[in-house]
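These are the residues of each chain, in order.
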Amino acid sequence: MSSELSDLYQEVVLDHGKHPRNFGPLEGATHHAEGLNPLCGDHFTVHAKVEDGVVREARFEGSGCAISKASASVMTGIVKGKTAAEIERIFERFHRLVTEGPAEGDEEDLGKLAVFGGVHDYPTRVKCASLAWHALRAALGGAREPVSTE
Amino acid sequence: MIAGSTTRAGPPADRPAAPRLDPAAIRAEFPILRQTVRGKPLVYLDNAATTQKPRAVIDAVRRYYEEDNANVHRGVHLLSERATRGYEEARVKVGRFVGARDPREVVFTRGTTESVNLVAQTFGRTRVGAGDEVLVTGMEHHSNIVPWQLLCAEKGAALKVVPVTDAGDLDLDALDRLLGPRTRILAVTQVSNALGTVNPLPEIVARAKAKGVPVLVDGAQGVPHLGFDVLASGADFYAFSGHKMYGPTGIGVLWGKREHLDAMPPWQGGGDMILSVTFEKTTWNALPYKYEAGTPHIAGAIGLGAAVDWLSGVGLAAIAAHEEALVARAVEALGEIPELRLFGTPRRRAAVVSFLLGDVHPHDLATILDRHGIAVRAGHHCAQPLMQRFGVAATARASFAAYNTLEDVDALVRGLQAAREVFA
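The notes below deal with the structure included here. (Residues numbered from 1 in each chain as written. Chains lettered and ligands numbered in written order. Predicted model: local features only at pLDDT ≥ 70, side-chain atom pairs only at ≥ 80, totals over all residues.)

1. With respect to the overall build of chain A
Put simply, the test is: Working definition: helices are DSSP H or I runs of at least four residues, strands are E runs of at least two. Numbering for both runs from the N terminus. Put simply, a residue is buried when 20 or more other C-beta atoms lie within 10 Å of its own C-beta and exposed when 12 or fewer do; between those, it is partly exposed, and each C-beta is set from the backbone. Residues are treated as contacting if the C-beta atoms built from their backbones sit within 7 Å of each other.
Looking only at helices and strands, chain A has six helices and four strands in total. Listing the helices and strands of chain A from first to last along the sequence gives α-α-β-β-β-α-α-α-α-β. With respect to the principal axes defined by its C-alpha atoms, chain A has extents near 45 × 35 × 25 Å. The buried share of chain A, taken over its 150 residues, is 45%. Taking the contacts inside chain A whose residues are at least 6 apart along the sequence as the reference set, 61% of them involve residues at least 24 apart.

2. Some words on the sheet that holds strand β7 (residues 183-189) of chain B
All names here are of chain B. Cut-off, in case you're wondering: In this analysis, strands are considered paired if DSSP registers two or more bridges between them. Angles shown run from 0 to 180 degrees and are taken between the N-to-C directions of axes, each axis being a line fitted to C-alpha atoms and, for helices, limited to the stretch in contact.
Read across the open sheet, the seven strands follow the order β4-β10-β9-β8-β7-β5-β6; overall the sheet is mixed. Sheet topology places β4 (106-109) and β6 (158-162) at the edges, where each strand pairs with a single neighbour. When the angles between neighbouring strand axes are averaged without regard to direction, this sheet yields 20°. Bridge analysis of strand β8 (residues 215-218) against strand β9 (residues 237-241) gives three bridges, and the strand direction is parallel. Across the sheet, the residue bridging to Asp218 is Ala239, located in β9.

3. Points about the interface of chain B and chain A
Operational definition: Residue classes follow a fixed rule: Ala, Val, Leu, Ile, Met, Phe, Trp, Tyr, Cys and Pro count as nonpolar, while Asp, Glu, Lys and Arg count as charged, and any other residue, Gly among them, counts as polar.
Counting residues at the interface gives 12 residues for chain B, matched by 16 residues for chain A. Of all the elements in the fold, those that place two or more residues in the side of chain B that touches chain A are α13 (362-371) and β16 (377-379) of chain B. Top element by residues in the side of chain B that touches chain A is α13(B). It accounts for five residues. Looking at the side of chain B that touches chain A residue by residue, the class counts come to five nonpolar, five polar and two charged.

4. With respect to the packing of helix α4 (residues 112-127) of chain B against helix α5 (residues 146-155) of chain B
For any two helices packed against each other, one specifies the crossing angle of their axes together with the interaxial distance. All names here are of chain B. The line we're drawing: To sort the angles, those under 35 degrees are grouped as roughly parallel, those over 145 as roughly antiparallel, those from 65 to 115 as roughly perpendicular, and the leftovers as oblique. With the far helix as reference, a near helix turned anticlockwise by less than a right angle produces a left-handed crossing, and one turned clockwise produces a right-handed crossing.
Where α4 meets α5, the closest approach of the two axes is 9 Å, and the angle between their N-to-C directions is 25°. Comparing the axis directions of α4 and α5 gives the class roughly parallel. Remark: the crossing between α4 and α5 carries right-handed chirality. In this structure, α4 contributes Val116, Asn117, Ala120, Gly124 and Arg125 to the contact, and α5 contributes Pro147, Trp148, Leu150 and Leu151. The residue makeup of the contact of α4 with α5, split by class, is six nonpolar, two polar and one charged.

5. Focus on the nonpolar core
Which entries qualify depends on this criterion: As used throughout, a nonpolar core is a set of buried Ala, Val, Leu, Ile, Met, Phe, Trp, Tyr and Cys residues joined through C-beta atoms within 7 Å of each other.
In terms of nonpolar packing, the biggest core is built from 161 residues, with Val46(A), Ala132(A), Ala135(A), Leu136(A) and Tyr238(B) touching the most fellow members. Of all the elements, helix α11 (residues 298-314) of chain B adds the most residues to this core, at 11 residues. Leaving out residues up to four positions away in the same chain, Ala135(A) has contacts with Ala33(A), Glu34(A), Gly35(A), Phe44(A), Val46(A) and Val147(A).

6. Brief notes about helix α3 (residues 78-97) of chain B
Every α-helical turn comprises 3.6 residues, leaving residues that sit three or four positions apart pointing alike. Residues and elements named next belong to chain B. Stated precisely, the cut-off is as follows: Residue count minus one, scaled by 1.5 Å, sets the expected span of a helix.
For α3, which comprises 20 residues, the first-to-last C-alpha distance of 28 Å matches the rise-based estimate of 28 Å (1.5 Å per residue) to within 8%. Residues of α3 that are buried include every one of Ala83, Gly86, Tyr87, Ala90, Arg91, Lys93, Val94, Gly95 and Phe97, and no others. Of the surrounding secondary structure, the elements contacted by the buried residues of α3 are α2 (55-68), β4, β10 (252-256) and α11. Immediately beyond the C-terminal end of α3, within one or two residues, lies Gly99, with a positive phi of roughly 80°.

7. Concerning the environment of Ile368(B)
Looking at where Ile368(B) falls in the secondary structure, it is placed in helix α13. Once the C-alpha coordinates of Ile368(B) and Gly415(B) are considered, the two residues, 47 residues apart in sequence, prove to be 7.3 Å apart.

8. Here we look at the environment of Gly300(B)
All names here are of chain B. With respect to the helices, strands and loops of the structure, Gly300 is situated in helix α11. A count of 24 C-beta atoms within 10 Å places Gly300 in the buried class. Expressed as a C-alpha distance, the spacing of Gly300 and Arg110, which sit 190 residues apart in the sequence, is 9.2 Å. Excluding residues within four positions of it along the chain, Gly300 makes contact with Gly242, Pro248, Gly250 and Ile251.

9. Structural notes on the pairing of strand β3 (residues 54-63) of chain A
Residues and elements named next belong to chain A. In terms of strand pairing, strand β2 (residues 42-51) meets β3 through nine bridges, oriented antiparallel. Paired with Phe44 across the strands is Gly62, a residue of β3. Hairpin connection between β2 and β3: a loop of two residues separates the two successive antiparallel strands, and Asp52 in this loop has a positive phi of roughly 55°.

10. Remarks on unusual backbone geometry
For residues that are not glycine, phi is negative in most cases, and the peptide bond is trans in most cases. All names here are of chain B. A cis amide bond links Leu287 with the next residue in sequence, Pro288, at an omega value of 0°. For Pro288, the location among the structural elements is in the loop between β12 (282-284) and α11. Residues other than glycine seldom take positive phi values, yet Tyr246 does so here, at roughly 75°. A residue is classified by how many C-beta atoms lie within 10 Å of it, and Tyr246, with 29 of them, is buried. Positive phi outside glycine occurs at His381, with the angle close to 60°. Here His381 is to be found in the loop between β16 and α14 (384-389).

11. A short note on the sheet that holds β3(A)
Within a beta sheet, neighbouring strands are joined by backbone hydrogen bonds and run either parallel or antiparallel to one another. Residue and element names in this part refer to chain A. Strand order in the open sheet formed by four strands is β3-β2-β1-β4, and the pairing between neighbours is mixed. Edge positions in the open sheet fall to β3 and β4 (147-148), since each of these has one partner strand only. Those strands touched by helix α3 (residues 66-78) are β2 and β3, and its axis lies near 160° from that of β3. Docked against the sheet, helix α6 (residues 126-140) engages β1 (31-37), β2, β3 and β4, running at close to 150° with respect to β1.

Here it is in structure tokens:
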């Protein structure tokens, strides 16, 4: 694989894309939202169980490309134990990563999310990487309509 | 000598020599193809989305802006005369290209989508009422579905759909059943943009006509590969786009039968479509201007005229034969890739292959191919109902044009093999 491609499709990304974690329905979920990318038909539902303002658990269902699935998989792991405000801050940092590229301190602050640093070379794939995030933010914000990347 | 039997040099009369084109010479006419993409020579296989433009088209547009630019049908000055002549000559060329008997039946639009909307909003609105039916097919592009849905919703009419078989052909028995006493129009594509299916239009039109149902043919994907003969087809309307036939974007055509165009109300109001305006009453201009409100895309029309000249110069038959060879090689070579699933095995196919590789998402596939310099389309191809019919959200699609080569097909195969390695 060429080096640029391996930047995008890092082992971790391929692994999460193939074997997504936290995949399936979530019993006792308090928040749900659908996210869809009309451009490619990717479609996820993100479930979250929120107690005392903290996301205790998050899972997702649906179908999408390796990037969107891996992103949803990593995200649902990372947000556990976080408040909506904390999740918002992580998302902002993550969004900067996938649109502008890696910056100093990313590895430390973003942890596993840093594997999506290659996405910024592929502007058409930014929506794939952020789809599940948009759905989760909509769920926590009490959205009733599915969110769309368009 | 028996009548009709002549001796002459060359191939026998029943098997004319396949017209040939020289892909290298054709490629040399397309400046954009000279570039490398991500360090690799560009292999452009997204022609069903839009084709590249030959030098002749680019020059025609540039020449118009550099030498003749003025508004049409208005000025008495020389530039306006030249612009008007260029615009109207393009109409004549385009009309002749699709076999229209009268250039006044050729309406310039923004593209196929606008052409279909025009018919739905004029012909459709006067013909379709509550309880009536509009018939489309399961392989239509959204642009030949949604305008009819809007019309049906407004009128309380029902949208009926001719189903698609597993092979990707239209179910013609079902067509007969669906053509009923309340069917007011049949809207059908000449070629499926997602599968490449070439529909048997003469037969379809004949069946509709037998029941007195007018037919609109979406020629966006058909005209660059097969051409069309509007009179021989028996169709009532033919819609197509310039940019899929080597012409500019933003220009398209609606051909309509004179009797319909005369009877239909205007669509958009504005300049150029009127004869006289008072606050009490406005009278419409003659055909085709009645349907061309506002300053048209003059440069686009002139560019489309140049594209038609270019297509005629190369020869539609030669292009069709060349593309047939490409798509045959593609079907064969892709069929040999393990886990590759081709969508549709239509009786006749034009220049398109749609596929999935294992459980690799087509977007991932397209990104990897892009890294190899290969442009393909990944997605639902604006044909979501057809995707649902085949139980997938999206496919990858390679589509061919006159300038593609067998080497392009080989590059696609190598790219797909590389994708298999990434996602093994």
